[in-house]
Amino acid sequence: MDIEFPLFKTKIEDSPKFDLTDAKERQKYFELKAGEDIKKLREYLKEHSFIAYLLGKKNSGKGTYAKMLKEVVDKDNIEHFSVGDMIREVDKELQDENKKKELIEFLEKNYRGFTPLKEIIASLENRSTSKLLPSELILALAKREIAKKGGKSLFIDGFPRELDQVSYSLFFRDLVNYREDPDIFVLINVPEAVIDERIKYRVICPICQTSRSLKLLPTKDIEHEDGKFYLLCDNSECKGARMVKKEGDELGIEPIKDRLKLDGSLIIKAFDLHGVPKVLLRNSIPVKKAEEFVNDYEITPEYVYEYKNEKVEMTEKPWQVKDDNGEDCYSLMPPPVVVSLIKQLVEVLGI
Ligand SMILES: [Zn+2]
């Protein structure tokens, strides 16, 4: 079964052109396109909170949308909570004898599950085996982490991650003492071709590890050699270092196909849940609908290079890919997707 993600209209006739990569212009853009709804959400957040589960395929940029919404709506009352980051923090705690002791004490009190705690600690310490961490452990750790956040609204990223965890999420707000707060599934549709090209064209600086994309996010200076183009790191400390591809990235989504498939099943399973409101976001717009639904500057550009008169010339054009049904579509910049998120949140929260 495929879920129909409805198109969302963000187009305003006679809208001025905004540079959506610029934070200040972005703020004006949001004011124009969702100003009233942003006010409503801010009012709501003063007295209430919500829990939203972000569900999208791996590398679909889930966190980007939540972080942008936080930046635009309310930096103080919204948190982006990444389960992946939490696990990485736990890894660090285990390196520190005192913190490790505290962690184990916490788990002895709070962890209940089928795998013995000793085994869990061992598998945490030895992640090379990359054994799947049991859901009961993730829940106990999430509870500890969320308790530190003092009742803020949460965008949870990375849970549910397995099919059995979808049912856990039904009771999650009780577990973390957010009982009275609404919970919402935010389902994100991103064509696999978008994920594929993001991986294939990404490059990193070998010195400062900054990440860019030859196709989607170039640097100021670009070098040409033997018919190929290279980005040079913008960071002055790196003295124009040539950015490089990470090994394996040329394979695109090939190595993560199974994960993408599972993520797709998770989205469908969450969609089928009754009693939990859903927000449906889409990253792409069919080419033939673009004119009607979005302003030009809301479409993600791709950059094309040419070597002319001993100089690299860069031009941009709308980034076009095939969506999962083989239809030609454009990928949207994050801000119009966040406008859609804001408006749907206002609706499902009934404000
Ligand atoms: Zn650098």
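Refer to the preceding data block for the structure.
All figures in this text were calculated on a predicted structure; none of them were measured in a lab. (Residues numbered from 1 in each chain as written. Predicted model: local features only at pLDDT ≥ 70, side-chain atom pairs only at ≥ 80, totals over all residues. Heavy atoms only, no water.)

### Remarks on the pairing of strand β4 (residues 183–189)
In step 1: Among the seven residues that make up β4, six are buried, leaving the element largely enclosed by the rest of the structure.
In step 2: Relative to β4, strand β1 (residues 51–55) is paired through five bridges, and the arrangement is parallel. Each residue of the ladder has a partner; that of tyrosine 53, found in β4, is phenylalanine 185.
In step 3: Across five bridges, β4 lies against strand β9 (residues 278–282) in parallel orientation. (Buried < 20%, exposed > 50% of the residue type's maximum accessible area, 1.4 Å probe, protein only. Helix = DSSP H or I, 4+ residues; strand = E, 2+ residues; numbered from the N terminus. Pairing = 2+ DSSP bridges.)

### As for the pairing of strand β2 (residues 78–82)
In step 1: In terms of burial, β2 is a largely internal element, five of the five residues being buried.
In step 2: The alternating pattern of β2 places Ile78, His80 and Ser82 on one face and Glu79 and Phe81 on the opposite face, and all of these are buried.
In step 3: Inspection of the sheet shows β2 paired to strand β3 (residues 153–157) by five bridges, in the parallel sense. By the bridge assignment for β3, histidine 80 is matched with phenylalanine 155.

### Some remarks on the coordination of the zinc ion
In step 1: Around the zinc ion, the protein contributes the donor atoms Cys205 (SG), Cys208 (SG), Cys233 (SG) and Cys238 (SG), at 2.3 Å from the metal centre.
In step 2: Around the zinc ion sit four donor atoms; with metal-centred angles ranging over 106 to 115 degrees, the donor geometry is tetrahedral.
In step 3: Ordering the donors of the zinc ion by residue number gives the pattern C-x2-C-x24-C-x4-C. With cysteine 208 in the loop between β5 (202–204) and β6 (211–213) and cysteine 238 in the loop between β8 (228–232) and α9 (257–271), this pair connects stretches of sequence that are 30 residues apart. (Donors = N, O, S within 2.8 Å, 3.2 Å for Na, K, Ca; no water. Tetrahedral: all angles 85-135°; square planar, octahedral: opposite > 155°, others 65-115°.)

### Quick notes on the side chain of lysine 215
In step 1: Residue position: lysine 215 is located in the loop between β6 and β7 (221–225).
In step 2: Setting aside residues no more than four positions away along its own chain, lysine 215 makes contact with Glu197, Tyr201, Pro301, Glu302, Tyr303 and Trp319. (Contact = heavy atoms within 4.5 Å.)

### With respect to helix α3 (residues 83–95)
In step 1: The terminal C-alpha atoms of α3, which comprises 13 residues, lie 19 Å apart, in line with the 18 Å expected from a rise of 1.5 Å per residue.
In step 2: All buried positions along α3 are accounted for by Val83, Met86, Ile87, Val90, Glu93 and Leu94. Along the axis of α3, the buried residues cluster in a sector spanning 110 degrees; they form a single face. Away from its buried face by more than 90 degrees, α3 exposes Lys92 and Gln95. (Expected span 1.5 Å × (residues − 1). Arc of directions from axis to C-beta.)

### A word on the sheet that holds β9
In step 1: Strand order in the open sheet formed by five strands is β2-β3-β1-β4-β9, with parallel pairing between adjacent strands. Each end of this open sheet is capped by a strand with a single partner; those strands are β2 and β9. Averaged over all pairs of adjacent strands, the angle between their axes in this sheet comes to 20 degrees, without regard to strand direction.
In step 2: Sitting on the sheet, α3 is in contact with β2 and β3, with an inclination near 65 degrees to β2.
In step 3: The sheet strands contacting helix α7 (residues 163–175) are β1, β3 and β4, and the helix crosses β1 at an angle near 150 degrees. (Axes fitted to C-alpha atoms, helices over the stretch in contact; angles between N-to-C directions.)

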